[in-house]
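# Residue-level structure breakdown
Listed here are the chains, written in short residue letters.
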There are 2 protein chains.
Amino acid sequence: MADAYEGAFMPPSLRALTAALARLPGIGPKTAQRLALHLLQHDRESAAALGHALQQSLQGLQPCQRCNNFSEQPICSACEDPGRDGRLLCVVETPADLLVMEQTRSFRGRYFVLKGRLSPLDGMGPKQIGLPELLERSLDPELEELIIATNFTPEGEATAHAIETVLAAQERSPALRITRLARGVPLGGELEYVDLGTIAQAFRDRRGMT
Amino acid sequence: MADAYEGAFMPPSLRALTAALARLPGIGPKTAQRLALHLLQHDRESAAALGHALQQSLQGLQPCQRCNNFSEQPICSACEDPGRDGRLLCVVETPADLLVMEQTRSFRGRYFVLKGRLSPLDGMGPKQIGLPELLERSLDPELEELIIATNFTPEGEATAHAIETVLAAQERSPALRITRLARGVPLGGELEYVDLGTIAQAFRDRRGMT
């Protein structure tokens, strides 16, 4: 692509647009060029809409002071929604995880969004991912259960463990239960094809049938 | 994705950004959401750069009055470059095709970019794709050869045929040759796996070996 970038046929602003698109994750230089030309040639309206939306989002969105999810107000509307159950707090790694949880329609409590997962090599320690804020949040006297819904990856598990540890170390309401999403065989899972670690876990966590 | 869009957890500006990204070709709602969250969470700098580049491109780029390629000036720098051979004019369907041609480094003439290919069902007739402008351009007394480099698709072939027809119908310098890129077996092509139409064409267009 160096040729195309250097060519006299690629004006600087087109080159800049291609480079900016290529910075998006999963978009290479070839796709970026295709997108840039498409936007300018066939869909200037979408290009204007995207430019406007980017500007609005950058200016308007901030972390909610209570849950850390993106919000246009200091406290997001979900945190202030009296219809949500304030006794339950679900801790997720990212806003994307929160949106997935919501789509299951199986949780009506509140959320706390970490700023990522523990990953010391990337400089993500307990402070960077927002554990102090979570600790403060856990002091809410209304709270009865804190559900850790980090990913079931090594980093997610380490994060869950760290949350458990810091919560255990501080004084808190004895009524506060700390729980973790269940691990086990996924829906539709055939045992023959499920990985052994998952089956072992499902054995250990087996539950009584009522 | 409707749930995510409707949820209280998706502020309007984040929803607008996701929708704007989903308008890009090849980007579905799920990827758009992932991109939006990534930009806002991890790469606000890229988001700002993209917003800026979109604005600059929309304001700054216009079709060059001679070649129709994107340009920041009324006449693009390539059209004014004395190092290009003004006797040769290569006609392509899109700016992307022009960039590919340039990358081959096998052409040092000038270009004319159509506004697309003939496609009557989509409302793309001779006027819409810019044939009148091409006709005018073909009157340039300096011009000796006009190379039609539209795609070898049905629409591209129809476009090439239309260009030939309108050029033949008008008075023009008798010295002006109209040519078309060669069709044939691609580089590295094994006859066994090349489609029959291509082989038939390569037979018809066979050339003497020197």
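Per chain, residue numbering runs from 1 following the sequence as it is written. Lettering for chains starts from A, numbering for ligands starts from 1, and both go in the order in which the items are written. Thresholds applied to this predicted model are a pLDDT of at least 70 for local features of residues and 80 or more for the giving and counting of side-chain atom pairs; totals over whole chains, interfaces and linings are not thresholded and use all residues. By convention in this description, side-chain values take in all heavy atoms of the structure and omit both hydrogens and water.

Only the six-membered ring of Trp is used, alongside the rings of Phe and Tyr, when aromatic pairs are assigned; centres must lie within 6.5 Å, and planes under 30 degrees apart are stacked while those over 60 apart are edge-to-face, with the rest tilted. The full count for this structure, using the stated rule, is four aromatic pairs over all chains. Centroid distance F107 of chain B to Y111 of chain B: 5.3 Å. Interplanar angle 70 degrees. Geometry classified as edge-to-face. Both residues of the pair, F107 of chain B and Y111 of chain B, belong to the buried class. An aromatic cluster is built from F9 of chain A together with F107 and Y111 of chain B, whose rings are joined through pairwise contacts. When a residue's accessible area, from a 1.4 Å probe over protein chains only, is under 20% of the maximum for its type it is buried; when over 50% it is exposed; and in between it is partly exposed.

Turning next to the sheet that holds strand β3 (residues 85-92) of chain B. Residue and element names in this part refer to chain B. Whether two strands pair depends on DSSP finding at least two bridges between them. Numbering of helices and strands runs from the N terminus, with a helix taken as a DSSP run of H or I at least four residues long and a strand as a DSSP run of E at least two residues long. Judged by pairing direction, the sheet is parallel, and its four strands sit side by side in the order β4-β3-β5-β6 without closing on themselves. Only two strands of the sheet have a single partner each, and these edge strands are β4 (109-113) and β6 (177-180). Between one strand axis and the next, the sheet turns through 25 degrees on average, direction left out of account. We call two residues contacting when some pair of their heavy atoms lies within 4.5 Å. Note on geometry: axes are lines fitted to C-alpha atoms, helical ones only across the stretch in contact, with angles between N-to-C directions running from 0 to 180 degrees. The sheet contacts of helix α6 (residues 95-103) involve β3 and β4, and relative to β4 the element is tilted by about 160 degrees. Packed onto the sheet, helix α8 (residues 154-169) meets β3, β5 (145-148) and β6 and runs at close to 155 degrees relative to β5.

This paragraph deals with the confidence of the model for chain A. Residue and element names in this part refer to chain A. Known as pLDDT, the predictor's confidence for each residue is given on a scale from 0 to 100. Mean pLDDT over chain A stands at 87; residues scoring 70 or higher make up 95%. Averaged pLDDT values over the elements of chain A bottom out at 44 in helix α1 (residues 2-6) and peak at 94 in strand β4 (residues 109-113). Segment residues 1-6: pLDDT under 50, and 13 contacts once partners within four positions in sequence are set aside and those in other chains are kept. In the predicted complex, the global pTM is 0.75; the interface-specific ipTM is 0.76.

This part is about the relation of the copies chain B and chain A. For the least-squares superposition of copies, only C-alpha atoms count, and only for residues with pLDDT at least 70 in both. In screw terms, the move from chain B to chain A is a rotation of 180 degrees and a rise of 0.0 Å along the axis, fitting with an RMSD of 0.1 Å. Between the two chains, the operation in question is that of a two-fold axis. Scanning chain B for the C-alpha nearest the rotation axis identifies G51 of chain B, at a separation of 2.3 Å.

Here the focus is the packing of helix α2 (residues 12-22) of chain B against helix α3 (residues 29-42) of chain B. Residue and element names in this part refer to chain B. One can describe the packing of α2 onto α3 by two numbers: an axis separation of 8 Å at closest approach and a directional angle of 125 degrees. With respect to their mutual orientation, α2 and α3 come out oblique. Both α2 and α3 take part in a crossing whose hand is right-handed. Listed contacts from α3 to L14, L17, T18, L21 and A22 of α2 are P29, A32, Q33, L35, A36, L37 and L40. Residues were grouped as follows: Ala, Val, Leu, Ile, Met, Phe, Trp, Tyr, Cys and Pro as nonpolar; Asp, Glu, Lys and Arg as charged; and all remaining residues, including Gly, as polar. For the contact of α2 with α3, the class distribution of residues is ten nonpolar, two polar and no charged. What sets the label is the angle itself: under 35 degrees gives roughly parallel, over 145 gives roughly antiparallel, 65 to 115 gives roughly perpendicular, and the rest give oblique. For a crossing to be left-handed, the near helix must be turned anticlockwise from the far one by less than a right angle; the clockwise case is right-handed.

Tallying the contact residues gives 56 residues for chain B and 56 residues for chain A. Note: buried area is the sum, over both parts, of the accessible area (probe 1.4 Å) each one loses when the two are combined. Summed over both partners, the interface of chain B with chain A comes to about 5500 Å²; 68% of that surface belongs to carbon and sulfur atoms. Definition used for salt bridges: Asp or Glu carboxyl oxygen within 4 Å of a side-chain nitrogen of Lys or Arg. The interface formed by chain B and chain A contains two salt bridges. For E45 of chain B, the salt bridge identified is with R23 of chain A, shortest N-O distance 3.7 Å. In protein, a polar contact requires one atom able to donate a hydrogen and another able to accept it; more generally it is a pair of N or O atoms within 3.5 Å, and residues adjacent in sequence count only if both atoms are side-chain atoms. Between chain B and chain A we count ten residue pairs in polar contact (both at pLDDT 80 or more) in total. Looking at the side of chain B that touches chain A, the elements with two or more residues in it are α1 (2-6), α2, α3, α4 (44-60), β2 (70-71), α5 (77-80) and α6 of chain B. It is α4 of chain B that provides the largest number of residues to the side of chain B that touches chain A, a total of 13 residues. Here the side of chain B that touches chain A is built from residues that sort into 33 nonpolar, 13 polar and ten charged.

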